[in-house]
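A closer look at the structure
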Amino acid sequence: MNVEVTPLPGIGVRKDFPLTAVRRRIGVVDHKDGTIDLIFTRIGDPDATTQIPLTEAEAGTLANLLGAPQLVGQLRNEHRDMDGLNTRQLPVGENSPYDGRTLGETRMRTRTKASIVAVMRAGQAIPAPGPDFVFTGGDVLIVVGTSEGLDSAADILKDG
């Protein structure tokens, strides 16, 4: 996919790409002040742009929604020939007992035999987090294990 990057003097940078099935472009404007707008434009008519300002938390949540499923899909493809091994996305909610606590404190692998292989945070994949990694509400964990282990892992992370 070819992303077009357009400097916007005094504003920031526009990054977008075409959605050919609907003859539109979608992307973001990264403002110099650190804010982000989601944009949606008709191809060939940049004046007809819908611009939606996002808070940092909203941008991170949207990025996690878009990024985590792709990572899970890739892991599922890689594990498809391994009977009994599954991959799942598990959120760390704002009220989770592990919001602000470390991976080691969960004792996830010991308690469930499931492994946290990555964390999606603000649209960035953090691979192979170590025991000192601190969870934040809104993180999406990519967890690999048996169905039973994944169910147990979800129970551990549930909102309190």
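In the block above lies the structure referred to throughout.
Remember, it's a predicted structure, so these values are computed and weren't measured experimentally.

Judged by pairing direction, the sheet is antiparallel, and its 5 strands sit side by side in the order β1-β2-β3-β4-β5 without closing on themselves. For this open sheet the edge positions go to β1 (4-8) and β5 (45-54), each flanked by a neighbour on one side alone. Taking each pair of neighbouring strands and ignoring which way they run, the sheet shows an average axis angle of 25°. Pairing between strand β2 (residues 12-19) and strand β3 (residues 24-31): 8 bridges, direction antiparallel. Bridge pairing in β3 places D16 opposite G27.

Counting residues in each nonpolar core, the largest one holds 16 residues, and the members touching the most others are M108, I116, V119, F135, L141, V143 and L157. Listing elements by their share of this core, those giving two or more residues are β7 (115-121), β9 (140-145) and α4 (147-157). Tallying contributions element by element places α4 first for this core, with 4 residues. In contact with V119, other than residues within four places in its own chain, are Q124, A125, I126, P129, F133, F135, D139, V140 and L141.

With that out of the way, let us pick up the sheet that holds strand β8 (residues 124-127). Spatial strand order, β6-β9-β7-β8: 4 strands in an open sheet with antiparallel pairing. What marks the edges here is a single partner per strand, and that holds for β6 (86-91) and β8. Within this sheet the neighbouring strands show an average axis-to-axis angle of 25°, counted without direction. Where β6 meets β9, 6 bridges bridge the pair, whose relative direction is antiparallel. Bridge pairing in β9 places Q89 opposite I142. Most of the contacts of α4 go to β6, to which it runs at about 5°, and overall it touches β6 and β9.

This paragraph deals with the side chain of T41. You can see T41 is positioned in strand β4 (residues 36-42). Within polar-contact distance, the side chain of T41 engages the side chain of T49 at 2.9 Å.

As a volume, the second largest pocket reaches approximately 210 Å³. What lines the second largest pocket is a set of 14 residues, among which L103, M108, R109, I116 and P129 lie closest to the centre. At the level of secondary structure, the elements contributing two or more residues to the lining of the second largest pocket comprise α2 (103-106), α3 (108-112) and β7. Here the residues of the lining of the second largest pocket are counted per class, giving 7 nonpolar, 5 polar and 2 charged.

Reading the values: the criteria
Residues numbered from 1 in each chain as written. Predicted model: local features only at pLDDT ≥ 70, side-chain atom pairs only at ≥ 80, totals over all residues. Heavy atoms only, no water. Pairing = 2+ DSSP bridges. Helix = DSSP H or I, 4+ residues; strand = E, 2+ residues; numbered from the N terminus. Axes fitted to C-alpha atoms, helices over the stretch in contact; angles between N-to-C directions. Core = buried A, V, L, I, M, F, W, Y, C linked by side-chain atoms within 4.5 Å. Buried < 20%, exposed > 50% of the residue type's maximum accessible area, 1.4 Å probe, protein only. Contact = heavy atoms within 4.5 Å. Polar contact = N/O pair within 3.5 Å; in protein donor to acceptor, adjacent residues only side chain to side chain. 1 Å grid on protein atoms, 1.4 Å probe; cavity = no way out; pocket = protein on both sides within 12 Å on 5 of 7 lines; lining within 4 Å. Points joined across faces, edges and corners; volume = space filled by probe spheres on them. Nonpolar A, V, L, I, M, F, W, Y, C, P; charged D, E, K, R; others polar.

Any functional reading would require information that these geometric values do not contain.
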